[in-house]
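Here's the letter readout for the chains.
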Amino acid sequence: MYNVLKRAEEINVGEPWFKVLRLPNDVFSIQEPRHQHGVISFLILGSRKSILLDTGMGIRDMSTIVDQLTDLEVVVVNSHTHFDHIGDNHRFSHIFVYDDELAVKRLTTGWSNDELQFDVSHDSFPAGYPQGFDQKSYAIQAVGREKIYLLHDKDMIDLGNRTLQVLHTPGHSPDSIMLLDHMNRSLFTGDTFYPDWLFAFINEAWGGSDLKVYAKTMQELTWLIPELDYLYPSHTKPLADPAVLDDVAKAFEIVLNGEEVKYELIEMNGQELKIYYFDGFAIVTQKNAC
Ligand SMILES: [Zn+2]
């Protein structure tokens, strides 16, 4: 696998919480590496407007970073509604999300401090808490229903000189989407694929995972591989080689079919989980999922 990250250049935005890279095809990644999730949002520039794919954890103000990178109108698209992707939604006026009742409910209620306890432990921040961060009051703010616009599978989002297509890709969560930029041979994969532990165990209250559905989604994506040069994943590393999608699809089949494969039992946030290791990524399921 060639090193696609060689194509990235770091931009100094004067805010150490964020790491910003200029990536191929007029895309910036806005990463939050000082939290263990290392979540990545993307600013995708068109000629008339731009998409901010996700708004991170809401710990520092992402809108000030976006303002440095573009003068264009910015619309937010949420890859799904887990807390670490919607934290700064409230700072923007147009939020696009997949048409799913629970997703809309989540956006309009936010995430409470109670729900986020596991993610604000001191251990979650490898370099310690950022200055001014209060783990006892941290929560994700709600947005008004009037700011929310619904997306459907195969919808097209026109940015002027480029058009992105919405792909509904459930499995990690029911409201997960990817954005396909066919002309630029690029796929923004959200949390459905990134080169790390893939979460196929999330419980229902959190926008639940479904292993079978996840496997089907990955299988269906393999036809796209010849059409792609870049994946832009939402955690760990902002660029990946599309060929890995074939390995991921095969890995899900192996896990689902209960084939012999190396795994470990782990406990995470009070849940018993199984982690299956593959080359460059892993699949994490509920202990009794299969
Ligand atoms: Zn997620």
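Quick caveat, the model's predicted, so the values are computed rather than measured.

Brief notes about the packing of aromatic side chains
So, point 1. By the definition in use, this model includes 15 aromatic pairs.
So, point 2. A ring pair is formed by Phe199 and Phe201, whose centres lie 4.8 Å apart and whose planes are at 50°; its orientation type is tilted. Each member of the pair, Phe199 as well as Phe201, is classed as buried.
So, point 3. Through a chain of ring-to-ring contacts, the aromatic side chains of Trp17, Phe125, Tyr129, Phe133 and Tyr138 assemble into a single cluster.
So, point 4. Lying over the aromatic face of Trp111, Arg106 brings its terminal NZ or CZ to 3.4 Å of the ring centre.

So, the side chain of Thr55
So, point 1. Within the fold, Thr55 resides in the loop between strand 5 (49–53) and helix 1 (62–69).
So, point 2. Polar side-chain contacts of Thr55 include one of 3.4 Å to the backbone oxygen of Ile86.
So, point 3. Engagement of the side chain of Thr55 in a polar contact is seen with the side chain of Asn89, the distance being 2.9 Å.
So, point 4. Apart from residues no more than four positions distant in its own chain, Thr55 is found in contact with Ser41, Met62, Val76, His85, Ile86, Gly87, Asp88, Asn89 and Phe92.

Concerning the sheet that holds strand 10 (residues 163–168)
So, point 1. An order of 9-10-11-12-14 is seen for the 5 strands of this open sheet, with the pairing classed as mixed. With one partner strand each, in any of the chains shown, strand 9 (156–158) and strand 14 (230–233) form the two edges of the open sheet. Neighbour-to-neighbour, the strand axes of this sheet turn through a mean angle of 25°, independent of strand direction.
So, point 2. Here strand 10 pairs with strand 11 (residues 177–181) via 4 bridges, running antiparallel.

So, the coordination of the zinc ion
So, point 1. Bound to the zinc ion on the protein side are His80 (NE2), His82 (ND1), His172 (NE2) and Asp191 (OD), at distances that span 2.2 to 2.3 Å.
So, point 2. One way to put it: the 4 donor atoms around the zinc ion meet at angles of 87 to 177°, and that makes the site irregular.
So, point 3. Positions of the donor residues of the zinc ion, expressed as sequence spacing, correspond to H-x1-H-x89-H-x18-D. The same class applies to His80 and to His82, which are both buried.

Some remarks on the pairing of strand 12 (residues 186–190)
So, point 1. Across the 5 residues that make up strand 12, a large majority, 5, are buried.
So, point 2. Alternating positions in strand 12 separate into two faces, Ser186, Phe188 and Gly190 on one and Leu187 and Thr189 on the other, with burial throughout.
So, point 3. Looking at chain direction, strand 11 and strand 12 are connected through 3 bridges and run antiparallel. Looking at the pairing, Leu180 lines up with Leu187 of strand 12.
So, point 4. Between strand 11 and strand 12, which pair antiparallel one after the other, the connecting turn spans 4 residues, and Arg185 there sits at a positive phi close to 50°.

Conventions we followed
Residues numbered from 1 in each chain as written. Predicted model: local features only at pLDDT ≥ 70, side-chain atom pairs only at ≥ 80, totals over all residues. Heavy atoms only, no water. Phe/Tyr/Trp six-rings, centres within 6.5 Å; stacked < 30°, edge-to-face > 60°. Buried < 20%, exposed > 50% of the residue type's maximum accessible area, 1.4 Å probe, protein only. Lys NZ or Arg CZ within 6 Å of the ring centre and 35° of its normal. Helix = DSSP H or I, 4+ residues; strand = E, 2+ residues; numbered from the N terminus. Polar contact = N/O pair within 3.5 Å; in protein donor to acceptor, adjacent residues only side chain to side chain. Contact = heavy atoms within 4.5 Å. Pairing = 2+ DSSP bridges. Axes fitted to C-alpha atoms, helices over the stretch in contact; angles between N-to-C directions. Donors = N, O, S within 2.8 Å, 3.2 Å for Na, K, Ca; no water. Tetrahedral: all angles 85-135°; square planar, octahedral: opposite > 155°, others 65-115°.

Coordinates in, geometry out; function isn't part of it.
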